[in-house]
Each structure stands twice: as C-alpha cells, then as structure tokens.
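Structural features, examined
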Amino acid sequence: MGSSIKDVARQAGVSVSTVSRAFTRPELVSKATRTKVLAIAEELNFSISRSAMVLKSGRALRVALLMSDHIRLWFSASIIEGLNQVFHANGYDLSIFQISSIEERREFFDMLPTRRNADAVVVASFDVDTSEIDQLAKTDVPIVGINCVMPNTGFSAAVNIDDDQGSKLLARHLIGLGHRRIAYIRTDRAVTLHFSVQQRYESFAKVCEEAGIDLTTIVIADGDDRISRATTELLSMPQLPTAIACQEDGIAIPLMFQLARTGLRVPFDVSMVGYDDSFYASEVGLTTVRQDPIAMAKSAALKTLDLIERGETERPFEVFPAQLLVRSSTTEAKPAQ
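Residues numbered from 1 in each chain as written. Predicted model: local features only at pLDDT ≥ 70, side-chain atom pairs only at ≥ 80, totals over all residues. Heavy atoms only, no water.

The name an unreviewed UniProt entry gives the chain is LacI family DNA-binding transcriptional regulator, with Bifidobacterium aerophilum as the organism.

This next bit is on the packing of aromatic side chains. The final tally for this structure, using the stated rule, is four aromatic pairs. Ring centres 5.2 Å apart and planes at 65° place the aromatic pair Tyr 184 and Tyr 201 in the edge-to-face group. Taken as a pair, Tyr 184 in strand β6 (residues 182–188) and Tyr 201 in helix α9 (residues 197–210) lie far apart in primary sequence, 17 residues in all. Looking at Tyr 201, the relative accessible area reads 17%, which means it is buried. Taking the centre distance of 5.2 Å and the plane angle of 55° together, the rings of Tyr 184 and Phe 204 count as tilted. With Tyr 184 in strand β6 and Phe 204 in helix α9, this residue pair connects regions lying 20 residues apart in the sequence. (Phe/Tyr/Trp six-rings, centres within 6.5 Å; stacked < 30°, edge-to-face > 60°. Helix = DSSP H or I, 4+ residues; strand = E, 2+ residues; numbered from the N terminus. Buried < 20%, exposed > 50% of the residue type's maximum accessible area, 1.4 Å probe, protein only.)

Quick look at the nonpolar core now. Counting residues in each nonpolar core, the largest one holds 47 residues, and the members touching the most others are Leu 83, Ile 146 and Phe 204. Residue-level mapping places this core at the junction of two domains, with at least three residues from each of domain 2 (62–161 + 293–319) and domain 3 (163–291). Listed in part, the 22 residues of the second largest apolar core include Ile 185, Leu 234, Ile 244 and Leu 255. (Core = buried A, V, L, I, M, F, W, Y, C linked by side-chain atoms within 4.5 Å. Domains from an automatic or database assignment.)

Attention now goes to a negative patch on the surface. Negative charge collects at one region of the surface, where Glu 103, Glu 104, Glu 107 and Asp 110 lie side by side. Secondary-structure assignment places Asp 110 in helix α6 (residues 102–115). (Patch = residues over 30% accessible without salt bridge, like charges linked within 9 Å, V, L, I, M, F, W, Y side chains within 5 Å. Areas by Shrake-Rupley, 256 points an atom, 1.4 Å probe, with all protein chains shown as cover. Salt bridge = Lys/Arg side-chain N within 4 Å of Asp/Glu carboxyl O. Lys, Arg positive; Asp, Glu negative; His and termini not counted. Charge placed at Lys NZ, Arg CZ, Asp CG, Glu CD.)

Once that is clear, we can look at the sheet that holds strand β4 (residues 143–146). Taken in spatial order, the six strands of this open sheet run β2-β1-β3-β4-β5-β11, and their pairing is parallel. Here the strands that pair on one side only, and so sit at the sheet edges, are β2 (93–98) and β11 (317–320). Across the sheet, the axes of successive neighbouring strands diverge by a mean angle of 15°, strand direction being ignored. Alignment of strand β1 (residues 62–67) against β2, held across six bridges, turns out to be parallel. The partner of Leu 65 across the bridge, within β2, is Ile 96. Against the sheet, helix α12 (residues 293–310) touches β1, β3 (120–124), β4, β5 (157–161) and β11, its axis set at about 170° to β5. (Pairing = 2+ DSSP bridges. Axes fitted to C-alpha atoms, helices over the stretch in contact; angles between N-to-C directions. Contact = heavy atoms within 4.5 Å.)

Taken in spatial order, the four strands line up as β7-β6-β8-β9 in an open sheet, and their pairing is parallel. Each edge of the open sheet carries a strand with a single partner, namely β7 (216–221) and β9 (271–273). When strand polarity is set aside, the average angle formed by the axes of neighbouring strands in this sheet is 20°. The pairing of β6 with strand β8 (residues 243–246) spans four bridges and is classified as parallel. Paired with Ile 182 across the strands is Ala 243, a residue of β8. Relative to β9, helix α8 (residues 163–176) is tilted by about 170°, and along the sheet it contacts β6, β8 and β9.

This paragraph deals with the pairing of β4. The alternating pattern of β4 places Ile 143 and Gly 145 and Val 144 and Ile 146 on opposite faces, both of which are buried. Bridge count for β3 against β4 is four bridges, and the pairing is parallel. Residue pairing for β4: Val 123 is matched across the bridge by Gly 145. Pairing between β4 and β5: three bridges, direction parallel. From the neighbouring strand, Ile 146 faces β5, where its bridge partner is Val 159.

What follows is the structure in structure tokens.
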C-alpha cells in the first residue's frame, strides 16, 4: 500500500496543508520546506494526484499544441521534444492536435470555444487566419506561435527563425558561385496555407529577381511520391538548371539520391541546397541553413509558462538568426556551352 499525504507530513514535521501547497502552490512555501517535503515524498514514493493539483491550482495543467505537419517528421518531432522538456518539468501535459485536412482544420476551430481545457495554445508552423485568431482568443488563454506568419497579429508571444535572412544567404551563395539557371522546389499544402516556408520562397525569389535571374519554381503536392514528381518536373525542363534550391532538407536529401539514379551527380552536374540542417544533412554534405527547433520550442515553452503564471513575458516576440552551412553539395557553375 502506498504512502499517504499524512505520512509525508508526519515525517517532514509539517501540516498536511503544507505538503499540499508544496506540490500545488510552491510559491507559498519556503524553498527549504518545499525541498524537504519533496525529498521525503520521493523517499516514500508519494505523489499528489493530478486531479487534486488541478483543483488546487485552478488550472488544467495542460497546453494544447496545434500543428499541421506529420509528427514523425524532423521539425515536428523536435518541436514536441523541446516543448515537452519544459512543460513536463513544470507539471504540464502536452495535448497534440495534428491537422491534416481542411475538414479537420475547420472542425478544430469550430469546437475550440467549447473545449477550454488547456491553459495555453501553442501553434507550430501554421498560418492561422484572422477568424481563427478570433476563435482562439475566445478561449481566453495565451496563444504562442512557433514559425508562424505574422506572429505579431493575434499571438501573445512567438518565436521564429529569420527565414528572410536564411533564404537570402542561400540565394546569394548560389549566385556568387555563378549560377544563373536556378530551380526552386516547394510544396503546395492547403492545410498549412503559407506558414513560415512561404517567407523562404518569397525572399529567395526576390534576391534572384534583383540579380536578373529568371527563377523556375516547381510546386509539388505533399505525398509519398513527391520526390518522383519533382524529378519528373526537373527532367522535363527545356534546359536543366545548374542549381536547385529546396524548401527543406526533407526534399533535398531524397532528391539528391533520386537524381543520382538518373545519372545527375550532385554537385558535378547540378548544385543543391536545402533548409533546416535536419537529420543526415551533414552526412550527405548538403549545403543548407541551420535552425534549432528544440531551442526554439524551449523558448516558446518558457514564454508560455510566463504568460500562464504572470500574464506577461520578457521579449514576447523572438527571432532566431539563420546560419548558412556550406558543404559539398554546391560548387561553381560550369561555363555556358
């Protein structure tokens, strides 16, 4: 039979209410007393029930995470890892809502005002429109964005990578190597609409336009055969590009192998860049832009806790700088033949 709260109070030499406050209202208990109570509780294998903590704190002790990407992917998995490291350590659960269709998106926001079972909502790489922001606001909880478009509109706080800077670095790198025929491969996903990768494309295209380069844009629908479709589009062009820029490493890395099967070698026949510095980018020598979603998620989680506890946070809107990593997948363009 497990130990009770009375057992902990008796051994710690404090009242039952002090033990309860040590778990549910730690700010009302001295640090020394709380440390002693928690140590004895651990020794006796005692933990106060979650329902009791919820009742005492008046909070759900839950944060909702809204994301549109597959949770198995590098960015999504990293975001979940970073958020959970902070929330779990502070007694909060993370409820994940993955939106994979227009219908699911509509249902989520239609039902949101009746749920009200979270202390905050974190929105990751999701372009929430004005009406959806209004629906989120009706829950009367903090709304924190991660890599969202226009985070200053409707969000309580947000963290973003500087996608404008990152894409400009990639474009200038390729142009500096003498590339004039450049293709950009991006996805077209109705669920996410624009989220942060739209900024990547627009910034990259702007640099190319200013340099007098006619950028070829290849748009592929999300799906298992997207790399095959991208390869088909590339090989169907009247003249092959000398460089390919991909919206994310998740496109660039498999595309490198697919092109190799057709006889096109990176970088000897075509240079290639990605974005993210995700799994295996270093191993395959992919030139890319590094972002750290775990660090971004941790920062977002700390801001979320500040907003829950105090109603405010320092630096509510934070931009993480991009970093260009030049590896072996890019080289100088060959002279025109």
